[in-house]
Amino acid sequence: MNNNQTYPHSDDFMTFDSSVRQYILTEKALVSRGIDLRSRIAATNTVTPEGVIDNVLHLVSDMIYGYIHAFSADTKRQDYLIACVPSLRLILYNAMLYQAVYVWTNGNLLLSTNQEDREKAIDETAKQWLGRNVPELGCSILYVGV
């Protein structure tokens, strides 16, 4: 971790989209973990693989941020912390990677009409990452207080 880094911070693996104020994984992040969506999509008749990949990456971000937001009424503060606390960026990065694999394997379960399926929409390992203690905060980003 570079102490001179400014936050929010974008790199080759995760960028900060200021229009929605969220971090978004990059295709390179997925490839670094052996997830090559482009080659899988190329095997189909999809006209624009970039659009599909972009959609998956934004969906994963929306799902993880939505899960985090369910734990607090002060989502603006949560988003500020995620954007500015260095160790939270790493936690979010890993949670989104696990969620991306889960969505690619199982689909977007939030679209299901079955309540039980919707309750299984977030990957368990992603939840574990989000539940980790953030040293700068002394608790996880999911902590809602006493």
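Residues numbered from 1 in each chain as written. Predicted model: local features only at pLDDT ≥ 70, side-chain atom pairs only at ≥ 80, totals over all residues. Heavy atoms only, no water.

## Here's the deal with the pattern of salt bridges
For the record, the criterion: In what follows, salt bridge is the name for a side-chain nitrogen of Lys or Arg lying within 4 Å of a carboxyl oxygen of Asp or Glu. Helix and strand assignments come from DSSP, with helices taken as H or I runs of at least 4 residues and strands as E runs of at least 2, each series counted from the N terminus.
Taken as a whole and assessed by the stated rule, the structure comprises three salt bridges. Residues Lys28 and Asp12 are paired through a salt bridge, measuring 3.3 Å at the closest nitrogen-oxygen approach. Here the residue Lys28 occupies a position in helix H1 (residues 27-32), and Asp12 occupies one in the segment before strand E1 (14-17), the gap between them amounting to 16 residues. Between Lys127 and Glu124 there is a salt bridge whose closest N-O contact spans 3.1 Å. Taken together, the residues span about one helical turn, with Lys127 and Glu124 both in helix H7 (residues 124-130) at a distance of three residues.

## A short note on the environment of Ser87
Summarising the element assignment, Ser87 is placed in helix H5 (residues 86-106). Taking the C-alpha atoms as reference points, Ser87 and Pro135, 48 residues apart in sequence, are found 7.4 Å from one another.

## A short note on the layout of surface pockets
Stated precisely, the cut-off is as follows: Only protein atoms enter the 1 Å grid used here, on which a cavity is any set of points holding a 1.4 Å probe that cannot leave and a pocket is any open set flanked by protein within 12 Å on both sides along at least five of seven lines; residues with an atom within 4 Å of a point are listed as lining. Grid points are joined across faces, edges and corners, and a volume is the space filled by probe spheres set on the points. Classification used: nonpolar for Ala, Val, Leu, Ile, Met, Phe, Trp, Tyr, Cys and Pro, charged for Asp, Glu, Lys and Arg, polar for all others including Gly.
For the second largest pocket, the calculated volume is near 170 Å³. Every residue along the wall of the second largest pocket is listed here: Ser72, Asp74, Arg77, Gln78, Leu81, Leu137, Cys139, Ser140, Ile141 and Tyr143. Residue composition of the lining of the second largest pocket, grouped by class: five nonpolar, three polar and two charged.

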